[in-house]
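Each chain, written out:
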Amino acid sequence: MQDLDKALADIVAIRTQIARETAFRGLGSATLAATSIMAIGTACLQAFWLNDPTARPFLYFGGWIVAAALAFTLIGIETVRRSRRLHSGLADEMVTSAIESFLPAAGAGLCLALVFGRFAPDDVWMLPGLWQVLTGLGLFAAARILPKAVQLAGAWYLLAGLSVFALASGDHRLSPWQMGLPFAVGQGMLAVIMHRAMMRDQGGSDAAP
């Protein structure tokens, strides 16, 4: 029994290692493009309905949290579906590996929101920039299993986050476009990158969609 347990543990370890070293193709370009449109749509709705986001931070961040939750749900469903089709028996390990790459950044972003909201409500203007920086760091961490070009999107999110932080540092005002534009461009970049990776995998051209 001990030999059997050891053999099973070795198999699990091997499968996990293979999953960590295999290019992950579970992210669908169409779903990523949809999240880009969602970012622009959320920004437009807030610009139209939310006259002064700085005076109503709960509604401002609440709208973006809802949009993020919907985006994560869509990406999660598509990721599981594509992984089971493209990665077959390694699907579960591949999805787990992808989650492990993004989880620290996502968890840090959630914790920052809770801490700022509870202990530093006057400093919530920092959150849009910080969230974008964390997204960039998450993409850099995921580059080991995603196409290396995702680092370009990671660099975009880092630069966008720092720029938003610098722009908002003067008047500490919240703007729908501080979130909408960076995430729309970043998710659009990811959609193009994943589409090109899929075309290369299928032996197609490397032309943009």
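Check the entry above for the structure.
Before going into details, it helps to say that this report is about the structure given with it. These numbers were taken from a predicted model, which means no experiment stands behind them. (Residues numbered from 1 in each chain as written. Predicted model: local features only at pLDDT ≥ 70, side-chain atom pairs only at ≥ 80, totals over all residues. Heavy atoms only, no water.)

1. Looking at the environment of E78
Logical step 1: Note that E78 resides in helix α3 (residues 57-86).
Logical step 2: Each C-alpha atom, one on E78 and one on T31, is 7.3 Å from the other, the two residues being 47 residues apart in sequence. (Helix = DSSP H or I, 4+ residues; strand = E, 2+ residues; numbered from the N terminus.)

2. A word on helix α5 (residues 127-142)
Logical step 1: Under the 1.5 Å per step criterion, the end-to-end length of α5 is 22 Å for 16 residues, consistent within 8% with the ideal 22 Å.
Logical step 2: Taken as a whole, α5 has its buried residues at L127, P128, G129, W131, Q132, V133, L134, G136, G138, L139 and A142. (Expected span 1.5 Å × (residues − 1). Buried < 20%, exposed > 50% of the residue type's maximum accessible area, 1.4 Å probe, protein only.)

3. What to know about the environment of K148
Logical step 1: Within the fold, K148 resides in the loop between α5 and α6 (150-168).
Logical step 2: Taking the relative accessible area as the measure of exposure, K148 reaches 56% and is therefore exposed.
Logical step 3: The spatial distance from the C-alpha of K148 to the C-alpha of I193 is 9.2 Å, given a sequence separation of 45 residues.

4. Overview of the nonpolar core
Logical step 1: Ranked by internal contacts, the top residues of the largest apolar core, which has 34 residues, are L32, Y60, F61, W64 and L127.
Logical step 2: Elements supplying a minimum of two residues to this core: α2 (29-49), α3, α4 (91-119), α5, α6 and α7 (176-201).
Logical step 3: Sorting elements by how many residues they give to this core places α7 first, with 7 residues.
Logical step 4: Excluding residues within four positions of it along the chain, L127 makes contact with F61, L112, A113 and F116. (Core = buried A, V, L, I, M, F, W, Y, C linked by side-chain atoms within 4.5 Å. Contact = heavy atoms within 4.5 Å.)

5. Some points on the side chain of T35
Logical step 1: Relative to the helices and strands, T35 is located in helix α2.
Logical step 2: Discounting residues that sit within four places of it in the chain, T35 has contacts with A71, I75 and Q187.

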